[in-house]
Structures are given as C-alpha cells and as structure tokens.
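Structural overview
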Amino acid sequence: MNKLVVLFFLTLFFPFITIAQIENDSFKVETYSVLDYSSPKEFEIGGVSIVGVKDRDPNAIAGYAGLMVGKKIVIPGQDISGAIKALWKIKLFTDVRISIEKTIGEIVFLEINLKERPTLSRFSYKGVKKSSHEDLNDELKGVLVKGGIITDDVKILAENKIKEFYFGKGFLNTKVDIKESPDEEKANTVKLLIDIKKNERVRVDDIYFVGNKDVNDKTLRKKMKKVKKVGTIFKKSKFIESEFEEDKKSIIAYYNKLGFRDARIIADTIGRTKNGNLAIQLRIFEGDKYRFNNITWKGNSIYADDVLNRVLGIQKGDVYNSELLDKRLKFSLDGRDVSSLYMDKGYLFFRVDPNEVAVDSAKIDIEMRIYEGPQATIDKVVIKGNDRTNEKIVRRELRTFPGEKFSRSDIIRSQREIINLGYFNPESLGINTPVNPQQGTVDIEYTVEEKPSDQLEMSAGYSGYGGLLGTLGVVFNNFSIENVSNRSSWNPLPQGDGQKLSLRVQSNNYYKSINFSFTEPWFGGRTRNSLTVGGVYSKYGATGSGFFASTRGFAGLGIPLKWPDDYFLTNITLNMEKLELEEFTDGNFAVNSGTFNNLSLNLSLLRSSISEPIYPRSGSKILLSLKVTPPYSMFRTVDYTLTEEEKQGVIETLQSKKGDGTVLSDSDKEIAIRNEVNRLKFNWLEYHKWKIESEWYFNIIGNLVFMSSIKMGFLGSYDKDIGLIPFERYEIGGDGLSNYSANILGKDIYSLRGYETTDFNQNAAGGAPIFSKYTVELRYPVTLNPSSTIYGLLFAQAGNSWSKFRDFNPFDVKRSFGVGLRAYLPMFGLLGFDYGFGIDKDVDESSKWSSYGKFSVILGFEPE
C-alpha cells in the first residue's frame, strides 16, 4: 500500500525518465531508475522474485498475482494494482509491495515483497468442562486448523459456531471471547484462548396461544413434548430451536387427528421476559373440522366392499384423520389393516391409494383405488450373520418356507421367534424381501447379528446364616452336545445347536447347594417339543446341629399348541424329591425331623406373546399351573393316633438325644409327639397346588413401557383329616431372593419390595396356603445395547397371604412404592437394585420415615 502512495507522488512531481546505457560485447542493457508515469509503457515480464516468505510456493504466489514470466504488462497501469489486490484478497499477508528490480530494454524484472500472516499453532478452551472439548473440536473442524491462517473472519466464524452449539442446548446467553497471542515456542505462529461463558440455560416462562377455539391452551402445551414452561413436572424447561420446530409439527399433527386438516401455525413470536427468560406466542389458524363422508372401493375382486369396510373401521360421519386412515390401509401394529388382509394371502404387490373425489361442506368423499396384483410365492429363505449358531437352529424357528405364499404376519412372527432365541441383537435384526415381478416370486432374507448369550455368575453375599455365601454358576444358552468332539466349536464349550446347559454351586458354613439342568428345545429334531432334565441337591444347616436336606430330580416335556393360537405352550414335569429334616427349626415347619417324599406332576399352560425377553415392550404372558401328587389317602386307611406306648417311645428317644441330665418340659414332650404324628402323616406328601400369573406390557411412547402383573396361588389338601402339608407353601415379603431359601426350604418365595418377610404373620407358620400379589412398573431404558441392557423403573406393589380360604380378600393387601434399576450383562445375567417404601408397615409413629424404606439387591434373576 505504501508503494502505491510513492508511485502516486512520483507521477505528480517527477514526469521525466533517466536512462543509463551500458554496452558490452553481446547485448545492451537499459536500466530505468525512474519511470515517466505520464507516459505508460508496455513491458514483458522477464522475472519475478518473491521476498519475505518461507513456506509458500513462489510460482503459486506469482500465479495468484497474475504476474507470470513472459506476460506483457503496462507500467503504470491496472496490472500492478490488480496484482496487489489479488494478493490482499487471499488474506495470507499483512503487507504487500511490488517494485521494479530492473529493466532491460522492454523487459522488466519485478520484486514482490510480502509479510506473512502468522499461522495457528494451537488453541485451548476456558470456562467449560473438559468433557465438552471433544464436542467443541468437532464443531470447529475445518474452521480452526493448525497451520492455518487466523483472520478476524475466522475468529468470528469460530465464535458463531460455538454459540450455535450452545444455543442448540438451550444456552441462549452464551458469550465467547477469542484471545489471540504470539506463540513463543514457534516463530510466526499464534495461539488462541477461547473463553466461553455459557451462563444459565434460558427457560420458558410461558407459552401462549392465539386463535385456538376448539382446543384449549393446556392441551396444546401437552402436545409440545420438548419445549416446556417453567413448573412442568418431570421435565426441565429449556428452549432448543430444533425441538421447538418439532413441537410445532406435533401441534398441527394433533389438529389433523381431530379433523382440522387445514390447521397451521400462522406465526410464532419469541420474546424476553423481565427475568431474561422466554415467552412464546403461537398464532394458530384452525380452519374447518372435516369428516369422512362416502367411502367407495374400486379394483377389488378378492374381498367384497363390506369386508374391506369392516377392516378399515371408519364410518361415514367419523372425524377425518389422515393418520388413522393411512394406518388402517397400510400397517397397524394390531394387524387390523387392509394391506395385512391381502399380504397375508400372498398379494405382495398389493397397493391401495385413497383419493379425495369430493369435498363439500367439510365432508370428504374418498375412493379407494386398489391394485391387487398376482400372489407372490416364496422362492428362497436366506439367513445371514449367524457366525456361531447353526443355520438349522434359526431356520426351524421360521414361519416362512420356500414354495409357500408370501405372508406378512408370518414374517413378523418369524422375527419374534428369532429374537426370543436370545442369541441375536434385536436392534440390528434385518429383514429384506427382494422381489422378482417377472416370476411372481420373492426371496426373504433374515440378517442377524450374534450377541453373547452365555452367562457366568460369580457372586458373594452376606447372610445371617453362615456369613458370606459364595455362588458360582454358568448358563450356556447355545450349547451343542453334537459338537463336543468338534474342538473348533468350543468357545469355551461346544455351541451352536440351541441347547441349554446350566450348572450352579453355592456354599458357606450353613448352606450347600448344587444343581444341574439340560434342555433340548427340539426333542426328536422334527418338532418344537422341548425336553428338560435336571437335578438339585441342597443342605441347610450347620455341622453338628439340625439340618434340612433336599434331593430332587425332574424331567419335563414342553409341547407347543396351535389352538386357540400358536402362542400357547403346555408343559408336563415329573418331580421326585426327598426331604430330610433333623432337629431343624429355622423353617417354622410343623415338623422338625423326619424323611418326606414328594412325588408330583406339574401341569402348566402358558400363553406368551412377548418379544425381546430382556426388555419387553409389548405383548403378554399368562401362566396357569397345577402341581399335584397322588391322593394316597384315598387308597389307604392309616390311624395317625399314637398309642401311649408309642408316645412313651417318642419321649424316651427325645430324652436320649437331650441327655439323661436334661429335664424335659411338658411342652417339649407335646412338640415331640406332634412332630411324630406329622412325620407319619406326611411321609408321602399329598396336595394340589394352583397358581395363576399374568404379565402385560404396553409401549406408551418411544421406549417408555408400562408393565402390570398379577400373581395368585392356592395350596389345597385331599383329606381334611391330614390337612395341609407343612411344605410347598407361599412366603411373601423381602427381596424374594435370599440366594438360597427359595431352592431349599420347600417354599415359593415372592418378593414385596419395601417389606421384610417378618412383616407378614403367616410367614412365622412356615408360609401360607393362599397369596396374591399385584405389581405395576413404568420402565425406561438407559441403553439397549446388547452388551449391556440397562433400564430404570418406578414401581408400585401390593400383596398379602392368608391361612384360610374364607379369610382371603384380594383387596386386603400391604402396599409399597419405589424406584429401581436393572442391568442385564450377557456374561453375568441380571443385576438390580430397588428401594421400596412400605406404606402399610407396622412401625411406631415416632419412627423416622426411613423406617418405611428398604433397599434390595437382585443378582442373577428377577425375583418372583
């Protein structure tokens, strides 16, 4: 710029030229010391030297300036000034000068003198957490580049990017100050300190609506799921523009459902209140409320109009709802749609287009134009991604087979069955249906992603009996006996055939248990009948004192049913159990010594439409079960009354155990005699035991799930003289999981969060023959990643138990509520925590509120 000023003054005050001539043998050189600016002259560029740059390409700079060797330019003229402007424009330099080095005749040699701008060496943040740095770096990618030139424009762009980032999170008062300073560590470089002050997140004080007549403000605010006003329960107030736009669409969608298909938001106004928060006003045009009028069908030959109208379920005069119309025509979760009607019969190419043929006085006539097309036949069924699981294991779960007609419901059911195997990630299960219209066939491709399905349980818990209890267990859910000899399939055991092998050992000074089970889900290989066999041995009691031991073997056969539908499964299990008690009093049983045999048949009927067993979002499970023993009392007559001689023998036996020096009380003698009578009565246990359990899952919105559950049980006897057996009863309360009680003490233990087992009187008598329990939960996932499924929950429970059927009252219950967390890890099973408050706990009025609360830990499986 200074050079241009000099040239301007030279033009005004020195209009003459001084020429010096130098002669030599080969050429003559003329050097212009001063140019006459009143007489421009054309020169050819003989050379261009670049001064003042280190890391720039001289040829590139000359090219930017447009001063290439051989080019003819006029001096003075636009060529030099244009070159200076071009170099300023690329913003790489803080000073640009162009001067004449020399001239030789009509050849000129130029010198471009430059001063480079400093480059960026590094930048850092101030005022924000380190966890935000990576996100900010992503926002500034391509803006702040190490080695790049820093200009005011670059700094303004970086500042705007950061503000946009925090504006998007609701921090509308974010301030950014970018400070530039030389970097002493490297010459001609600068470092930037980006000082960020987010300030408080801006909240919404109120949301106003203008023009709404048929829908009140409160309802419209509820339809805004993202932007909420201050004071909204369970939702923080914040303003994010993208979410605000989504909420506006939700409002219009709601109006459309109500028949206001012309509804729109005319304008939105956002202003600041005195406290710096926002006030939002939405101006709405509702328009007319439309209704369905005449609905006609055209092109249908397979199904009559009345059949299609019945499936559609929309009557003349109903409020116009385009979303409902589309759902009933294309796809409805409950299967009630016209497309399913056709596609389940193989009409894959079916298409229906609703056309509005008349609109009169807010009434809409619709003509349904149908293209039925030919039926499609399944050509190939392909399974991809099963790296560990044998293809036959997946294929036998499918409802789609080559040669059969295409059916959408069969594909949906196949998807459910694949998920329920538990071997694959439900979030990534893909189904593709490539069509061959010329042949009228379709291929069905199932793409799966294997996930870890085996479980390892290694845990330690403290018990009031025996102290620390150690547990080691493994469950192989995709085991293969056939591959035992195939070492390549071991990981760590042979796998791939869908069999289940379970081993579990527990031990401490007071308790020992080992159990084993094996399940073949396709017993015989051709049908879905499952066979389960196993055994359990447990011993409860310290060495040298009383004990309770149980040895049980079982075999069960599961048979799927096709009627009333194929969600039904029946199971028949034969159990043989031997119970041994020796001076055992911890179970509160009517007997404390003796050997008892329990031969029973367990019959159950299950209907389960639940998919995704780890985090169910829809479906139900209903279980009816009956456990029966032979009615021995019907085939034999036994007098359980002891003679005086037999009573004396019982007392003498007790005396010998206590020692000759011990004086037996009358109570000790009565208990011993009663125990002997019960030992004779219950040598072979006889009873009938009924249970009903149901679970229902409802997907409210997104991944938010509501679960409700009811469980009831009843234990009966065949002979009133024998009465109820002391085992197989129901105990309610506590965690439902003492890590061993449920396996050994001959009871069914049902948790009631917020209560101890001692809060229920019937538990003191060894359990109750009747119980009921009700549960509702609201669940929301933290993550549904197959490597760790985690969700939180709010719960409310109620339950009780009764000793006699005439006392049973399903509404006479103890209530609780609380919060919980569940984490399912494939290698460790279920981990969970609950904190429950027992509303009806029997505590002193002076007790603290914390006396009503109870913390529970769940390990390995969800308690009953």
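Computed from a prediction, not measured in an experiment: that's the story for all the values here.

**Structural notes on the overall build of the protein chain**
Regarding its fold elements, the protein chain presents 15 helices and 37 strands. When burial is assessed residue by residue, the protein chain has 43% of its 864 residues classed as buried. Here the contacts in the protein chain between residues at least 6 apart in sequence split such that 59% fall between residues at least 24 apart. Taken as a whole, the protein chain presents about 45800 Å² of accessible surface, with 53% of it coming from carbon and sulfur.

**Structural notes on the sheet that holds strand E15 (residues 363-371)**
The strands that make up a sheet pair up through hydrogen bonds in the backbone, lying either parallel or antiparallel. Here we have three strands laid out as an open sheet, ordered E13-E15-E14, and mixed in their pairing. Since the sheet does not close on itself, it has two edges, and those belong to strand E13 (291-298) and strand E14 (351-360), each with one partner. Averaged over all pairs of adjacent strands, the angle between their axes in this sheet comes to 25°, without regard to strand direction. Of the pairings in the sheet, the one linking E14 to E15 comprises nine bridges and is antiparallel in character. Each residue of the ladder has a partner; that of arginine 351, found in E15, is tyrosine 371. Each of E13 and E15 touches helix H8 (residues 305-312); the most contacted strand, E13, lies at about 140° to it.

**Concerning the packing of helix H13 (residues 644-658) against helix H14 (residues 666-681)**
Where H13 meets H14, the axes come as close as 9 Å, and the angle between the chain directions of the two elements is 115°. Between H13 and H14 lies a crossing of right-handed hand. Residues Lys647, Val650, Ile651 and Leu654 of H13 form the contact with H14, whose own contacting residues are Asp668, Lys669, Ala672, Ile673 and Glu676. Looking at the contact of H13 with H14, its residues break down into five nonpolar, no polar and four charged.

**With respect to a negative patch on the surface**
Among the surface-exposed residues, Glu134, Asp135, Glu139 and Glu164 lie close enough to one another that they form a single negatively charged patch. By residue number, the principal contributor to the negative patch is helix H4 (residues 133-139), which donates three residues. Tracing the backbone through its elements, the reader meets glutamate 139 in helix H4. Exposure remark for glutamate 139: the relative accessible area of 31% places this residue in the partly exposed category.

**Considerations on the sheet that holds strand E6 (residues 107-116)**
Taken together, four strands build an open sheet; the order of strands is E4-E3-E6-E5 and the sheet is mixed. Both outer strands of the open sheet, strand E4 (72-75) and strand E5 (93-104), are each paired with one neighbouring strand and no more. Averaged over all pairs of adjacent strands, the angle between their axes in this sheet comes to 45°, without regard to strand direction. In this sheet, E6 lies alongside strand E3 (residues 41-51) in parallel orientation, the contact comprising seven bridges. If you follow glutamate 44 over to E6, its bridge partner there is isoleucine 107. On top of the sheet, helix H3 (residues 78-89) reaches E4, E5 and E6; it is set at about 150° to E5, its chief contact.

**Describing the pattern of salt bridges**
All told, the structure shown has 40 salt bridges when counted by the stated rule. Arginine 607 serves as the salt-bridge partner of aspartate 565, at 2.9 Å between the closest nitrogen and oxygen. Of the two residues, aspartate 565 sits in the loop between strand E25 (547-560) and strand E26 (568-582) while arginine 607 sits in strand E27 (residues 594-608), which places them 42 residues apart along the sequence. Put simply, lysine 691 and aspartate 748 hold a salt bridge, and the shortest N to O gap is 3.4 Å. Taken together, the residues span a long stretch of sequence, with lysine 691 in strand E29 (residues 688-701) and aspartate 748 in strand E32 (residues 747-750) at a distance of 57 residues. Given a relative accessible area of 24%, lysine 691 falls into the partly exposed group. A single network of salt bridges, built from pairs that share partners, joins Glu397, Arg399, Arg413, Arg416, Glu417, Arg528 and Asp566.

**Quick word on the side chain of histidine 688**
Within the secondary structure layout, histidine 688 lies in strand E29. Contact partners of histidine 688, with chain neighbours within four places excluded, come to Leu626, Lys627, Val628, Phe714, Leu715, Gly716, Ser717 and Tyr718.

**Things to note about the nonpolar core**
One finds Phe548, Leu581, Phe596, Leu685 and Phe727 to be the most contacted residues of the largest nonpolar core, which totals 34 residues. Those elements giving two or more residues to this core turn out to be E26, H13, H14 and strand E31 (729-732). When residues no more than four places from it in sequence are discounted, the contact partners of phenylalanine 596 are Glu577, Lys578, Leu579, Leu581, Val591, Asn678, Arg679, Phe682, Asn683, Leu685 and Phe727.

**Some thoughts on the environment of alanine 672**
Tracing the chain through its elements places alanine 672 in helix H14. Overall, alanine 672 belongs to the buried group, its relative accessible area being 15%. The spacing of alanine 672 and valine 591 is 81 residues in sequence and 9.0 Å in space, taken between C-alpha atoms. Non-local contacts of alanine 672, meaning those with residues more than four positions away in its chain, are made with Val650 and Leu654.

**Here we look at helix H2 (residues 58-65)**
Those residues of H2 not exposed but buried are Ile61, Ala62 and Ala65. Looking straight down H2, one finds that the buried residues subtend no more than 95° of arc, so they occupy a single side. For H2, the secondary structure elements touched by its buried residues are E3, H3, E5 and E6. Looking at the residues trailing H2, positive phi occurs at glycine 66, about 75°.

**Considerations on the confidence of the model for the protein chain**
Considering every residue of the protein chain, the mean pLDDT works out to 84; 89% of them sit at 70 or more. Every residue in residues 1-33 scores below 50 in pLDDT, and together they form 46 contacts with partners more than four places removed in sequence or on other chains. Below pLDDT 50 for its whole length, residues 737-743 participates in 20 contacts with residues either more than four positions away or in separate chains.

**Some points on a nonpolar patch on the surface**
A surface patch of nonpolar side chains, amounting to about 430 Å² of accessible area, comprises Ile700, Ile701, Leu778, Leu794 and Val819. Note that leucine 778 resides in strand E33 (residues 770-785). Given a relative accessible area of 30%, leucine 778 falls into the partly exposed group.

**Quick word on H8**
Considered for burial, the residues of H8 that qualify are Leu308, Val311 and Leu312. For H8, the angular spread of the buried residues around the axis is 100°, confining them to a single face. Glycine 313 occupies a position one or two residues after H8 and carries a positive phi of about 70°.

**Structural notes on unusual backbone geometry**
Note: most peptide bonds trans; most residues except glycine with negative phi. With an omega dihedral of -10°, the bond running from isoleucine 75 to proline 76 counts as a cis peptide bond. Counting through the fold element by element, proline 76 comes out in the loop between E4 and H3. A cis geometry characterises the amide bond from tryptophan 563 onward to proline 564, with omega recorded as 0°. With phi around 55°, serine 361 is a residue other than glycine that occupies positive phi space. With respect to the helices and strands, the residue serine 361 is situated in the loop between E14 and E15. You will see that alanine 362, though not glycine, has its phi angle at about 60°, which is positive. Inspection of the secondary structure puts alanine 362 in the loop between E14 and E15.

**Topic: the pairing of strand E12 (residues 278-285)**
Residue alternation in E12 divides its side chains into a buried set, Leu278, Ile280, Leu282 and Ile284, and an unburied set, Ala279, Gln281, Arg283 and Phe285. Examined bridge by bridge, strand E10 (residues 204-210) and E12 share six bridges and lie parallel to one another. Paired with phenylalanine 209 across the two strands is leucine 282, which belongs to E12. Two strands pair when backbone bridges link them, and strand E11 (residues 264-272) and E12 are joined in this way by eight bridges, in the antiparallel orientation. In the strand pairing of E12, arginine 272 is matched with leucine 278.

**Brief notes about the pairing of strand E24 (residues 530-540)**
Here strand E23 (residues 511-520) pairs with E24 via 10 bridges, running antiparallel. Its bridge partner lying in E24, phenylalanine 518 is registered against valine 533. With 11 bridges joining them, E24 and E25 adopt antiparallel strand pairing. Note on E25: the bridge partner recorded for glycine 535 is glycine 553.

Definitions and cut-offs
Residues numbered from 1 in each chain as written. Predicted model: local features only at pLDDT ≥ 70, side-chain atom pairs only at ≥ 80, totals over all residues. Heavy atoms only, no water. Helix = DSSP H or I, 4+ residues; strand = E, 2+ residues; numbered from the N terminus. Buried < 20%, exposed > 50% of the residue type's maximum accessible area, 1.4 Å probe, protein only. Contact = heavy atoms within 4.5 Å. Areas by Shrake-Rupley, 256 points an atom, 1.4 Å probe, with all protein chains shown as cover. Pairing = 2+ DSSP bridges. Axes fitted to C-alpha atoms, helices over the stretch in contact; angles between N-to-C directions. Left-handed = near helix turned anticlockwise from the far one by under 90°. Nonpolar A, V, L, I, M, F, W, Y, C, P; charged D, E, K, R; others polar. Patch = residues over 30% accessible without salt bridge, like charges linked within 9 Å, V, L, I, M, F, W, Y side chains within 5 Å. Salt bridge = Lys/Arg side-chain N within 4 Å of Asp/Glu carboxyl O. Lys, Arg positive; Asp, Glu negative; His and termini not counted. Charge placed at Lys NZ, Arg CZ, Asp CG, Glu CD. Core = buried A, V, L, I, M, F, W, Y, C linked by side-chain atoms within 4.5 Å. Arc of directions from axis to C-beta. pLDDT = per-residue confidence, 0-100.

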